[in-house]
Amino acid sequence: MAINKQEHAQWSSSFGFVLAAVGSAVGLGNIWKFPYMVGESGGSAFVIAYLFCLALIGFPILVAEWLIGRRGQKNPINTYSDVAASEGKSRSWSIVGATGILGGFLILSFYSVIGGWALNYITKVGSGSFAGQDSDSVAATFDAMLASAGTLTIWHTVFMVITAVIVGVGVTKGIENAAKILMPLLGVILFVIVGYNVMNGGFGEAVNYLFAPDLSKLNGDVMLAALGHAFFTLSIGMGIMVAYGSYLGRDVNLLSTARTVVILDTVIALAAGLAIFPIIFSNGLDPASGPGLIFVSLPIAFGSMGAGAIIGTLFFLLITFAAVTSSISLLEPTVELLEERTPMSRTVSTIVASIAVWLLGIAALLSFNLWSDFTIMGNGIFDALDKVTSKFMLPLTGLAAIIFVGWQMDQRSIQQELGLSNFTWQLWQIIAKFVAPIAVLIVFVTSLMN
Ligand code: PFF
């Protein structure tokens, strides 16, 4: 972030802001999580539900969170508290800021474990260990990594250290600059893999699987999973976008910026789907194999394409980079909170927060091996952290944000802030007051009844 916290400065430019927002949004959620969620939920039904949730729920909530942040100009807890007070409402709205920060903290613990997988795969693909391997041996390599608590711990630790150093030293400006080159490069590599797939079979089947409307599979669970993922992928429901909004200048158009972020994020996720599913189908793999999906599919392609080791190494490098631009945004709010609310310095706050996240991450990674028998309501620790955050904390925190903007804030000033004409203002009001909150509630209630 090109900001100076003390003076609460603003983004150096609206482009810098878009970049940071895209950096937070585009990450493992798009490339690792989206494809396996599609696979687990049976394909296009999930994709359709997801696109619906992005447009009608995610988009307005993203705008709402920025709007609140821009009003409050502080960390999410103080922002909610101050903005509520200035609207004559209870300061207890600050709880929404707090659940957001807690959500980010919990997500980072397992996010870092997956970031570690990606790091490990840079070395594996780079050393040519997948050259000429068939799907069974690629899957065996992945299973061996999961079974080794030591390997997972090492890479999770490396990932967490990278995140902590960037947040602690505050070199986010450098990250912003690197992102300008590396994020587009990630897009290019994805499309190279998609191109490879077009030539190598399974492509038509994958397109069908992802896009041919099959609503028979749509149910409450799929909707809830899609809703949760829409929040996860846009980094909303977590106070992060509220915090980013606090650095936003008045001149930035929230609606068009949100549109850019949502579109870029969606394009990357769908491209990841087209990069992965053709390989799954042409190699007879199971699309529903869960969190390992990209790690058991892509190396097959890298093992057999020309220059596969180079392209594969670059690919895992770039998703690690995308993961880091997201993980720093996950750690920052906790660090900021500790720094502002305790006597600890920024460095000590970063160390304390990172160690706490790291420890929870160890518990998460042990659920793949030594602690695989330990479950919380039927889920291992990794899954439990994922589900509690994506399916409950994010949607509820985001719901609170849109209710706050739709029902608690002075509507005239919101109209000014969004700069809408009469017609578009009516449309915004219908969506912010009714469509988005009711949709979140319906998804919730339906899935509880299932
Ligand atoms: N949006 C990121 C992704 O899709 O990988 C993950 C994430 C980052 C979630 C930051 C939440 C967040 F606050």
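The structure displayed is predicted, hence computed values, not measured ones. (Residues numbered from 1 in each chain as written. Predicted model: local features only at pLDDT ≥ 70, side-chain atom pairs only at ≥ 80, totals over all residues. Heavy atoms only, no water.)

Overview of the site of the ligand
Reasoning step 1: Taken together, 15 residues lie near the ligand, and A25, G29, Y111, F232 and I240 sit nearest.
Reasoning step 2: Contacts to the ligand include S24, whose backbone N or O atom sits 3.1 Å from a nitrogen atom.
Reasoning step 3: Side-chain polar atom of N30 to an oxygen atom of the ligand: 3.4 Å apart, as the coordinates give it.
Reasoning step 4: Protein chains bury 100% of the 330 Å² of accessible surface belonging to the ligand in isolation.
Reasoning step 5: At the level of elements, helix 1 (14-25), helix 2 (28-40), helix 10 (220-234) and helix 14 (308-341) are the ones that each hand at least two residues to the shell around the ligand.
Reasoning step 6: Looking at the shell around the ligand, its residues break down into seven nonpolar, eight polar and no charged. (Near = heavy atom within 4 Å. Polar contact = N/O pair within 3.5 Å; in protein donor to acceptor, adjacent residues only side chain to side chain. Areas by Shrake-Rupley, 256 points an atom, 1.4 Å probe, with all protein chains shown as cover. Helix = DSSP H or I, 4+ residues; strand = E, 2+ residues; numbered from the N terminus. Nonpolar A, V, L, I, M, F, W, Y, C, P; charged D, E, K, R; others polar.)

Brief notes about the environment of G58
Reasoning step 1: Tracing the backbone shows G58 in helix 3 (residues 44-72).
Reasoning step 2: Those residues in contact with G58, other than ones at most four positions away along the chain, are C53, L234 and I236. (Contact = heavy atoms within 4.5 Å.)

Looking at a nonpolar patch on the surface
Reasoning step 1: A cluster of nonpolar residues, L185, V188, V192, L314 and L317, forms a patch on the protein surface that exposes about 370 Å² of accessible area.
Reasoning step 2: Taken together, the elements giving at least two residues each to the nonpolar patch come down to helix 8 (172-200) and helix 14.
Reasoning step 3: The element contributing the most residues to the nonpolar patch is helix 8, with three residues.
Reasoning step 4: Note that L185 resides in helix 8. (Patch = residues over 30% accessible without salt bridge, like charges linked within 9 Å, V, L, I, M, F, W, Y side chains within 5 Å. Salt bridge = Lys/Arg side-chain N within 4 Å of Asp/Glu carboxyl O.)

A word on helix 7 (residues 149-169)
Reasoning step 1: Spanning 21 residues, helix 7 covers 30 Å between terminal C-alpha atoms, matching the ideal 30 Å at 1.5 Å per step.
Reasoning step 2: Every buried residue of helix 7 is accounted for by A149, L152, H156, F159, M160, T163, A164, I166 and V167. Angularly, the buried residues of helix 7 cover 165° about the axis, an arc narrow enough to put them on a single face. Turned more than 90 degrees away from the buried face of helix 7, the exposed residues are I154 and V169. (Expected span 1.5 Å × (residues − 1). Buried < 20%, exposed > 50% of the residue type's maximum accessible area, 1.4 Å probe, protein only. Arc of directions from axis to C-beta.)

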